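Summary of structural features
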Amino acid sequence: MANTVVINGDNRKFTLSPDIKLYALIDAGFVKTPKGNYNYEHPLYNDSPYNAPTKLKMTVNKDLSHLTMVITDRNGLQKVNIFKNKQLAPTVELLDYILKDLEERNILVPVKD
């Protein structure tokens, strides 16, 4: 886990908002794990979420101070770079929408270089 994360293939950096609230995580769909961390998984799909080739996976630690964020294949085992394939442009748009929603909920903030 890190303070600043970059999605594989993306040039944007994100970190947890200093104003993050636990209820905002739960409202956004994060689920508490037995270890106390908060996991978020969202399929990145064009037609059906059940056939989604990729998914966004995030974990926030129980202290709400560290974050991991990665795009994986359907099984969640391998990292996938959705930015290098032009056919995945709708998937990138969906990712942008999800990240914007998490920013509006004061969960994520973009990091300026």
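Residues numbered from 1 in each chain as written. Predicted model: local features only at pLDDT ≥ 70, side-chain atom pairs only at ≥ 80, totals over all residues. Heavy atoms only, no water.

The name recorded for the protein in an unreviewed UniProt entry is Amino acid metabolism, from Lactobacillus intestinalis DSM 6629.

The four strands are arranged β3-β4-β5-β6 in an open sheet whose pairing can be described as antiparallel. Strands with a single pairing partner mark the edges of an open sheet, and in this sheet they are β3 (31-32) and β6 (67-73). Of the strands in this sheet, β4 (38-44), β5 (54-60) and β6 are in contact with helix α2 (residues 89-104), which crosses β4 at around 150°. (Pairing = 2+ DSSP bridges. Helix = DSSP H or I, 4+ residues; strand = E, 2+ residues; numbered from the N terminus. Contact = heavy atoms within 4.5 Å. Axes fitted to C-alpha atoms, helices over the stretch in contact; angles between N-to-C directions.)

Okay, the pattern of salt bridges next. Counted under the stated rule, the structure contains five salt bridges. Note that Glu104 is salt-bridged to Lys100, the shortest N-O span being 2.7 Å. In this pair, Glu104 and Lys100 both sit in helix α2, four residues apart, roughly one turn of the helix. With a relative accessible area of 55%, Glu104 lands in the exposed category. The exposure class of Lys100 is partly exposed, given its relative accessible area of 47%. Connected via shared salt-bridge partners are Asp10, Arg12 and Asp96. (Salt bridge = Lys/Arg side-chain N within 4 Å of Asp/Glu carboxyl O. Buried < 20%, exposed > 50% of the residue type's maximum accessible area, 1.4 Å probe, protein only.)

Attention now moves to α2. Compared with the 22 Å implied by 1.5 Å per residue over 16 residues, the 23 Å span of α2 between its first and last C-alpha is a close match. Restricting attention to buried positions, one finds in α2 the residues Thr91, Val92, Leu94, Leu95, Ile98, Leu99 and Leu102. Projected onto a plane normal to the axis of α2, the buried residues spread over an arc of 160° and lie on a single side. Exposed side chains of α2 directed beyond 90 degrees from the buried face belong to Glu93, Tyr97 and Glu104. Where α2 is buried, its residues touch β2 (13-16), α1 (22-28), β4, β5, β6 and β7 (108-111). Following α2 by one or two positions, Asn106 has its phi on the positive side, about 60°. (Expected span 1.5 Å × (residues − 1). Arc of directions from axis to C-beta.)

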